[in-house]
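Listed below, chain by chain, are the residues.
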Amino acid sequence: MSRPILLSGERLQKRYGGVIAVSDVSIQVGAGEILGLVGPNGAGKTTLIDVITGAQQLDGGELLLSGRVLSGPPSRRGRQGLARTFQYPQLAQELTVRESILLGRVARRLDSPLSLWLGLLRGLFMPVRADDEAAVERIARDTRIGGLQRRCGDLTLGDQRLVEVARALAQDPAVMILDEPFAGADATGVAGIGEAIRIVQRQGHGVILVDHNVDLVAAHADRIMMLDQGQVAFDGDPGECLKSEEMQRVYFGKRSHGR
Amino acid sequence: MNALVRRAPLRSRGSVLPQILWAVAGMIAVVLWVGGSGYRQDLMVLSCSYALVGLGMYIPFIMGGSLSAAYSAYAAIGAYTVCIVAVRTSWPLPMAWILGPLVACAVAVLLGMATRRLSGNYLVAVTLLFGFAFQTWTIDASGITGGSSGMLGIRKLEIAGWQVSRQGLFVGSLVVVCSVAFLIERLRLSPWGIALRGKREIPLAVESTGIPVPALELVSLGFGAAVAALGGALFSGYNGGIHPETFGLNILFLAVFMPLVGGVGTPWGAVVGAVLAVQFSLNFPSSIAKSGSFAFAVAVMLVLLLAPKGVLGYLALLRDRMRRRRSDGSAAAGGKQS
């Protein structure tokens with residue numbers, strides 16, 4: 001792979017008591033690369049994302065983002081350039097679609113105690129900046145989101161996922177991690193999420209795309225990593241993954257005869 | 001067709017002019033109601049003082065979901081600062097109105113840092129304990145606070161040589177409360193307010209965007225305490241003193257319920273709730289109920305059962321229904337014509 005490496009994790013480990021959820025997993029995402037992360041339920045996909053983003057503590061291994069050590073709470077990793085969506089959409093029901101996307105856009109200006117005090121004082125007297133409003137409208141257009149004044153609590157599951165992706169896109173991340181973004185999405189939602197992925201790719205940033213649907217992931221990804229019981233079962237070309245014995249074994253329980 | 005584009009939005013982004021017009025109309029109505037009655041004037045200044053405490057609590061509690069029970073102490077800090085500066089120093093009194101909120105803000109941030117690992121009931125219990133401890137301290141530290149008899153007869157507020165009368169303070173307090181509510185409504189819709197409102201429901205997602213949620217919570221607690229202290233300063237400035245019992249546990253419960261009764265969707269709900277709380281508690285006709293506090297408790301329960309979004313939330317709902325009915329009616333008429 002000739003792309004410069006954006007995110008790299010070496011021998012990542014995560015245990016829950018005696019259960020090993022992620023075992024010696026090494027992961028790399030290059031600039032402009034879309035990495036598909038697939039595997040059946042309980043394979044360790046969401047746990048791997050959680051340890052990368054800091055939602056859970058890593059028990060072993062090392063993470064680097066753009067050559068710098070990636071550690072600390074999720075906010076620090078967000079500031080370093082990670083953006084994510086969640087397996088169960090995390091949108092405040094009270095906020096409107098516009099406000100949810102705006103949250104991703106303005107986060108970089110509220111990233112320290114001092115900037116939070118300044119943001120408070122600015123918020124008392126000045127409304128949302130025109131360039132932020134324009135950015136939100138542009139992102140909404142790119143991801144095919146309408147009805148910006150609707151409350152997130154009124155949205156369908158698919159639309160909530162789309163808004164979550166738009167919020168991550170608004171962060172202008174170095175690496176965007178999407179956890180099952182297509183689950184519950186209709187055709188417009190799938191197209192909007194696909195466009196968000198392409199925008200990040202065009203900017204030379206990376207995407208980790210997690211989903212059960214291997215065909216859908218293969219259609220978008222440059223490379224696929226398949227996890228099984230916390231370990232890497234396959235890492236390579238999407239076309240090869242679909243035809244591989246590992247795929248048959250992990251998803252359909254078929255044993256290999258050649259080995 | 002994406003479901004997101006189905007219905008046209010009915011809510012505005014907190015437009016400025018209607019708010020100002022409503023606030024001015026409300027102030028004129030209050031001034032007309034008060035007329036020359038000193039008792040009604042006292043009630044309205046008390047309402048303004050409570051409204052500021054309620055507005056202070058609105059920021060971390062309603063917007064941010066953090067219930068700190070030390071708001072009686074923050075209001076008392078504002079009130080005592082005015083009295084201490086008036087009695088024990090020769091500093092100009094307007095300085096005390098700034099100093100009190102700053103001290104309350106610093107105390108709230110320190111208390112928030114000390115309790116940052118606590119949440120829910122534990123946070124309420126510890127901050128409640130702080131409120132009690134502060135009240136005990138005001139009784140014990142008689143050399144500073146006047147002890148159990150409090151501090152009375154403080155000098156009057158002077159601004160640039162002009163001594164502000166009680167009527168002047170009354171009108172000023174209306175302007176201050178409306179201005180603070182207006183600014184907090186702007187804050188609610190600002191990027192900072194969006195982050196804080198998001199934090200209440202989805203703290204991990206807000207944290208993942210890069211915003212340090214614990215620091216955001218501390219800032220909201222500090223700013224809320226400063227607003228509550230302004231309410232305390234207003235009380236002691238108008239009444240010419242403070243007593244350790246003035247800001248006790250009762251003000252805390254009122255501050256919690258004021259936005260719930262008035263409406264949680266906007267800080268103006270805390271203002272409406274404060275007016276209702278004072279009217280029910282102190283100005284309720286004794287022919288209907290002997291205890292005004294009991295009447296207020298019944299009103300709180302009725303509002304929470306029948307209009308969970310509070311009085312203003314219910315009014316907004318009625319307005320939206322009427323607008324929708326009107327737009328449906330005009331659409332049907334347009335259809336018939338064509």
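For every chain, the first residue of its written sequence is number 1, and the numbers climb from 1 along that sequence. The naming scheme follows written order: chains are lettered A onward, ligands numbered 1 onward. For this predicted model, a pLDDT threshold of at least 70 governs which residues receive local features, and a threshold of 80 or more governs which side-chain atom pairs are given and counted, while totals over whole chains, interfaces and linings are taken from all residues. Excluded from the side-chain calculations are hydrogens and water; all other atoms, namely the structure's heavy atoms, are used.

Caption draft 1: Spotlight on the overall build of chain B. The number of helices and strands found in chain B is 14 helices and four strands. Note that the radius of gyration is over C-alpha atoms, with the globule rule given as 2.2 Å times the number of residues to the power 0.38. Here chain B has a C-alpha radius of gyration of 22 Å; the compact-globule value for 338 residues is 20 Å, and the two agree. Overall, the C-alpha framework of chain B stretches about 80 × 55 × 45 Å when taken along its three principal axes. Relative to its 338 residues, chain B shows a buried fraction of 50%. Here a residue-residue contact requires only that any non-hydrogen atoms of the pair lie within 4.5 Å. In chain B, the share of contacts with a sequence separation of at least 24, taken over all contacts with a separation of at least 6, comes to 76%. Comment: elements are numbered from the N terminus, with helices defined as DSSP H or I runs of at least four residues and strands as E runs of at least two. Remark: exposure states derive from per-residue accessible area (1.4 Å probe, protein chains only) relative to the maximum for the residue type, with buried under 20%, exposed over 50%, and partly exposed in between.

Caption draft 2: Structural context of the nonpolar core. If you look at the biggest cluster of nonpolar residues, it comprises 149 residues, and the most contacted ones within it are Ile101(A), Ile145(A), Leu55(B), Tyr74(B), Trp192(B) and Ile211(B). In terms of residue count, the dominant contributor to this core is helix α2 (residues 38-63) of chain B (16 residues). Discounting residues that sit within four places of it in the chain, Ile211(B) has contacts with Ser75(A), Leu103(A), Ala107(A), Leu110(A), Leu116(A), Ala195(B), Val206(B) and Leu216(B). Among the nonpolar cores identified, the runner-up in size contains 24 residues, and Leu7(A), Leu12(A), Val29(A) and Ala43(A) belong to it. Throughout, nonpolar core names a set of buried Ala, Val, Leu, Ile, Met, Phe, Trp, Tyr and Cys residues whose side chains join them through atoms within 4.5 Å.

Caption draft 3: Region of interest: the environment of Ile197(A). Residue and element names in this part refer to chain A. Within the fold, Ile-197 resides in helix α7 (residues 187-202). Each C-alpha atom, one on Ile-197 and one on Leu-103, is 19 Å from the other, the two residues being 94 residues apart in sequence. Ignoring anything within four residues of it in the chain, the contact list for Ile-197 reads Ile-34, Met-176, Leu-178, Phe-182, Val-207, Leu-209 and His-220.

Caption draft 4: Examining the interface of chain A and chain B more closely. Counting from both sides, the interface comprises 53 residues of chain A and, opposite them, 41 residues of chain B. Each of two parts loses accessible area, computed with a 1.4 Å probe, when they are put together; buried area is these two losses added. For the pair chain A and chain B, the summed buried surface comes to about 4100 Å²; carbon and sulfur atoms form 65% of the total. Area buried by chain A at its contact with chain B is led by Glu94(A), Leu124(A) and Gln149(A), which between them contribute 15% of it. The term salt bridge refers to a side-chain nitrogen of Lys or Arg lying within 4 Å of a carboxyl oxygen of Asp or Glu. Across the chain A-chain B interface, the total number found is four salt bridges. The shortest N-O distance in the salt bridge between Arg197(B) and Glu94(A) comes to 2.8 Å. What qualifies as a polar contact is a pair of N or O atoms within 3.5 Å, subject to a donor-acceptor requirement within protein and to the restriction that residues adjacent in sequence count only when both atoms come from side chains. At the junction of chain A with chain B, the criterion picks out ten residue pairs in polar contact (both at pLDDT 80 or more). Looking at the side of chain A that touches chain B, the elements with two or more residues in it are α2 (74-80), β6 (82-84), α3 (97-106), α4 (113-125) and α6 (157-170) of chain A. Looking at which element gives the most residues to the side of chain A that touches chain B, the answer is α4(A), with eight residues. Only Asp, Glu, Lys and Arg are considered charged in this grouping, and only Ala, Val, Leu, Ile, Met, Phe, Trp, Tyr, Cys and Pro are considered nonpolar; every other residue, Gly among them, is considered polar. Among the residues making up the side of chain A that touches chain B, the classes are represented as 26 nonpolar, 14 polar and 13 charged.

Caption draft 5: Focus on the confidence of the model for chain A. Confidence in the prediction for chain A averages 91 pLDDT; 97% of positions are at 70 or higher. Averaged pLDDT values for the elements of chain A fall to 82 in helix α10 (residues 245-252) of chain A and rise to 97 in α3(A). Confidence of the predictor in every single residue is expressed as pLDDT, which spans 0 to 100.

Caption draft 6: Highlighting the confidence of the model for chain B. Residue and element names in this part refer to chain B. Confidence in the prediction of chain B, expressed as mean pLDDT, is 88, and 93% of residues score 70 or more. Every residue in residues 1-12 scores below 50 in pLDDT, and together they form 27 contacts with partners more than four places removed in sequence or on other chains. Confidence estimates for the predicted assembly give a pTM of 0.89 and an ipTM of 0.92.

Caption draft 7: Summary view of the sheet that holds strand β9 (residues 223-228) of chain A. Residue and element names in this part refer to chain A. Here, a strand pair is defined by DSSP locating no fewer than two bridges between the strands. One open sheet accounts for six strands, arranged β6-β7-β8-β3-β9-β10; its pairing is mixed. Each edge of the open sheet is held by one strand with a lone partner, namely β6 and β10 (231-236). On average, each strand axis in the sheet is inclined to that of its neighbour by 20°, with strand direction left out of account. Packing of α6 onto the sheet brings it into contact with β6 and β7 (175-179), and relative to β7 it is tilted by some 165°. Structural elements are reduced to axes, namely lines fitted to C-alpha atoms, with helices fitted over the stretch in contact, and the angle between N-to-C directions of any two is expressed from 0 to 180 degrees. The strands touched by α7 within the sheet are β3 (34-38), β7 and β8 (206-210), with β7 carrying the most contacts at an inclination of about 160°.

Caption draft 8: Highlighting the sheet that holds strand β5 (residues 68-69) of chain A. All names here are of chain A. The antiparallel open sheet is built from four strands, whose spatial order is β2-β1-β4-β5. Looking at which strands have only one partner, the edges of the open sheet turn out to be β2 (19-30) and β5. Sheet analysis places strand β1 (residues 5-16) next to strand β4 (residues 60-65), joined by five bridges and oriented antiparallel. The residue of β4 that forms the bridge with Gly-9 is Leu-63.

Caption draft 9: Structural context of the packing of helix α8 (residues 191-201) of chain B against helix α10 (residues 213-239) of chain B. All names here are of chain B. Interaxial distance between α8 and α10 falls to 11 Å at its minimum, and their mutual angle equals 110°. Overall, the two elements α8 and α10 adopt an arrangement that is roughly perpendicular. In the crossing of α8 with α10, the sense of the turn from one axis to the other is left-handed. Contact residues: Trp-192, Ala-195, Leu-196 and Lys-199 in α8; Val-213, Leu-216, Glu-217, Val-219 and Ser-220 in α10. In terms of residue class, the contact of α8 with α10 is made up of six nonpolar, one polar and two charged. Each angle gets one of four labels, with under 35 degrees taken as roughly parallel, over 145 as roughly antiparallel, 65 to 115 as roughly perpendicular, and the rest as oblique. Note: crossing handedness is left-handed where the near helix turns anticlockwise from the far helix by less than a right angle, and right-handed where it turns clockwise.

Caption draft 10: The arrangement of the pairing of β4(A) in detail. Residues and elements named next belong to chain A. Both β4 and β5 contribute to a ladder of two bridges, which runs antiparallel. Each bridged residue has a counterpart across the sheet, and for Leu-65 the counterpart in β5 is Arg-68. Linking two consecutive strands that pair antiparallel, namely β4 and β5, is a turn of two residues; a positive phi of about 50° is found at Ser-66 within it.

Caption draft 11: Representation of a nonpolar patch on the surface. A surface patch of nonpolar side chains, amounting to about 670 Å² of accessible area, comprises Phe294(B), Val298(B), Met301(B), Leu302(B), Leu305(B) and Leu306(B). For Leu302(B), the location among the structural elements is in helix α13 (residues 292-306). Here the term patch refers to residues with relative accessible area over 30% and no salt bridge, with like charges joined within 9 Å and nonpolar side chains (Val, Leu, Ile, Met, Phe, Trp, Tyr) within 5 Å. Using a 1.4 Å probe, the Shrake-Rupley method yields the accessible areas, and only the shown protein chains count as cover for residues.

Caption draft 12: Representation of the packing of aromatic side chains in the model. All names here are of chain B. We call Phe, Tyr and Trp rings a pair once their centres come within 6.5 Å, taking the six-membered ring for Trp, and we label the pair stacked below 30 degrees between planes, edge-to-face above 60, and tilted otherwise. A full pass over the atoms with the stated rule returns five aromatic pairs over all chains. For the pair Phe-235 and Phe-247, a centre-to-centre distance of 5.5 Å together with 70° between the ring planes defines the contact as edge-to-face. With Phe-235 in helix α10 and Phe-247 in the loop between β4 (241-242) and α11 (249-262), the pair connects residues that are twelve residues apart, well separated along the chain. Like Phe-247, Phe-235 is buried. Three or more aromatic residues joined by ring pairs make a cluster, and in this case those are Phe-130, Phe-134 and Trp-137.

Caption draft 13: Molecular detail of the pattern of salt bridges. Taken as a whole and assessed by the stated rule, the structure comprises 24 salt bridges over all chains. The closest approach of N and O atoms between Arg167(A) and Glu164(A), which form a salt bridge, is 3.7 Å. Within this pair, Arg167(A) and its partner Glu164(A) are both found in helix α6, separated by three residues, close to a single helical turn. For Glu185(B), the salt bridge identified is with Arg188(B), shortest N-O distance 3.1 Å. Taken together, the residues span about one helical turn, with Glu185(B) and Arg188(B) both in helix α7 (residues 166-189) at a distance of three residues. Classification of Arg188(B) by relative accessible area gives buried; the value is 11%.

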